[in-house]
Amino acid sequence: MSRIWVLGAGQLGQMLVHAGMPLDLQVCPVDIESQDTLPLQPHEQVTAEREQWPDTPATRQLASHPGFVNLGTFPTLADRFSQKSLIDKLGLATAPWRLVEDEMDAAELHQALGERVLLKRRSGGYDGRGQHWLKAAEQSAVPEGWHDHCIAEQAINFDEEVSLVGMRGDDGRCFFYPLTLNLHVNGILLASVAPLARLSPLQAEAEQMLGKLMDSLDYVGVMAMECFRVGDHLLINELAPRVHNSGHWTQAGANVSQFESHLRAVAGLPLVAPAVKNTCFMVNLVGVERDNAWLSVPGAELYWYGKEVRPGRKVGHINFCLGTAAEIKQALAQLDPLLPDNYGEVLAWIGNELA
Ligand code: ATP
Ligand code: MG
Ligand code: MG
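Everything quoted here is computed from the prediction, not taken from an experiment.

**Q** How should I be thinking about the overall build of the protein chain in this particular structure?
**A** The helix and strand inventory of the protein chain stands at 10 helices and 16 strands. The C-alpha atoms of the protein chain give a radius of gyration of 20 Å, which matches the 20 Å a tight globule of 355 residues would have. Counting only C-alpha atoms and orienting by the principal axes, one finds that the protein chain spans roughly 55 × 55 × 40 Å. Looking at the 355 residues of the protein chain, the share that counts as buried comes to 54%. The long-range share in the protein chain, meaning contacts at least 24 apart out of those at least 6 apart in sequence, stands at 63%. Summed over its atoms, the accessible surface of the protein chain is roughly 15400 Å², and 48% of this surface lies on carbon and sulfur atoms. Separation between the mean location of the 27 positive side-chain charges and that of the 43 negative ones in the protein chain comes to 2 Å.

**Q** I tried to follow the pattern of salt bridges on my own but got confused; where do I start?
**A** A side chain of one charge can pair with a side chain of the opposite charge when the charged atoms of the two come close. Scanning the model with the defined rule gives 16 salt bridges in all. Two residues, Glu-238 and Arg-80, come together in a salt bridge whose shortest N-O distance is 3.1 Å. Placement of the pair is Glu-238 in strand β13 (residues 233-240) and Arg-80 in helix α4 (residues 80-89), with a sequence separation of 158 residues. Sharing partners across several salt bridges, the network here consists of Asp-159, Glu-160, Arg-198, Arg-229 and Glu-353.

**Q** Quick question: what am I supposed to make of the UniProt feature "domain: ATP-grasp" (unreviewed entry) in the protein chain here?
**A** Following the UniProt record, the feature "domain: ATP-grasp" (unreviewed entry) maps to residues 84-267 here. As annotated, residues 84-267 comprises 24% helix and 34% strand, and the C-alpha atoms at either end are separated by 29 Å.

**Q** Looking at this structure, how should I read the site of ligand 1?
**A** Close contacts around ligand 1 come from 22 residues, with Arg-80, Lys-120, Asp-127, Gly-128 and Glu-161 the closest. At 2.7 Å, a backbone N or O of Gly-128 approaches an oxygen atom of ligand 1. When ligand 1 sits alone it has 610 Å² of accessible area, and the protein chains cover 91% of it. Breaking the shell around ligand 1 down by element, the ones donating at least two residues are β5 (116-121), β6 (131-135), β7 (150-154), β12 (221-230) and β13. For the shell around ligand 1, the class distribution of residues is seven nonpolar, seven polar and eight charged.

Thresholds applied
Residues numbered from 1 in each chain as written. Chains lettered and ligands numbered in written order. Predicted model: local features only at pLDDT ≥ 70, side-chain atom pairs only at ≥ 80, totals over all residues. Heavy atoms only, no water. Helix = DSSP H or I, 4+ residues; strand = E, 2+ residues; numbered from the N terminus. Rg over C-alpha atoms; globule rule 2.2 N^0.38 Å. Buried < 20%, exposed > 50% of the residue type's maximum accessible area, 1.4 Å probe, protein only. Contact = heavy atoms within 4.5 Å. Areas by Shrake-Rupley, 256 points an atom, 1.4 Å probe, with all protein chains shown as cover. Lys, Arg positive; Asp, Glu negative; His and termini not counted. Charge placed at Lys NZ, Arg CZ, Asp CG, Glu CD. Salt bridge = Lys/Arg side-chain N within 4 Å of Asp/Glu carboxyl O. UniProt positions renumbered as here; feature names shortened; annotations may be inferred. Near = heavy atom within 4 Å. Polar contact = N/O pair within 3.5 Å; in protein donor to acceptor, adjacent residues only side chain to side chain. Nonpolar A, V, L, I, M, F, W, Y, C, P; charged D, E, K, R; others polar.

This is the structure we're talking about:
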């Protein structure tokens, strides 16, 4: 049996463990605060479920292991400044941006980027945390301590948000899942839908973009690219060098999930173009108490992360992979009364796309 270590022990690490089981891959997530001496063997691989990490005894052991796949990619993508610089260097479309240097004020940023500018912390942000809107009309200012630590992006009036999850093997071959349509509310992903026939005209462009990025990094494994669709084109929002929340539906709808694909790539096992069944959607459970009644909804596949429930925290997700619009409609109708009121619009959004 081969062993793969995972830097980080959150839900993504747990889902990698789950995906490794049928292949007899022993996947070992490591809590970054662990004080243990890890029994790392020279032939084993290391991967990560997060883009960045503090320097701790655990991360030091993992990051100094020669089998850490893509180690060099993490610093490039974990800092929005180097990530956006890479996207520009490759000539790929992205929201216009600037590094917010010392002394730069809001007026200068508005002049360069327009009336509405989104400041994003260079590192550490997720689920919309670490972001701050500057609105010329409100004369808002760059927050104290953000200079040099954030980039500024032009507000994009996008039609919708999509993402592409792809994979690259150590032979350089790439494969991709179909584009996923995503609903973010207040910066946090609440639902995903895939595949959608109406997005297929964008698939080739998206694959070309992510393929170019993965090639440039000599990347091995699964990478996700979040995009804004503006008319017939895509602008890259951000990249994640790991399995991604918008690819969770692949657990229900693809012959090989994003988690297994990542493990296969890291372990040097064959990769394949995923075969996707039916129509899939995923509902993220954010700040919601567990309700076992969800399990009675036909088609529901629950992943509950076992974390303490807090407002705004992702604590689980429910996947569906269904064959007909009628089944989808029924599942949404049964789920609706079992979720808090704010999910009404989320389920309606899914129904509007699929049912
Ligand atoms: P994640 O949890 O996906 O890692 P994050 O905190 O890293 O999120 P982003 O993905 O950069 O943040 O932004 C979160 C959301 O904010 C986006 O999905 C989008 O809805 C909105 N957003 C981000 N950048 C822009 C922009 N330039 N213009 C308009 N909306 C934006
Ligand atoms: Mg992010
Ligand atoms: Mg994002």
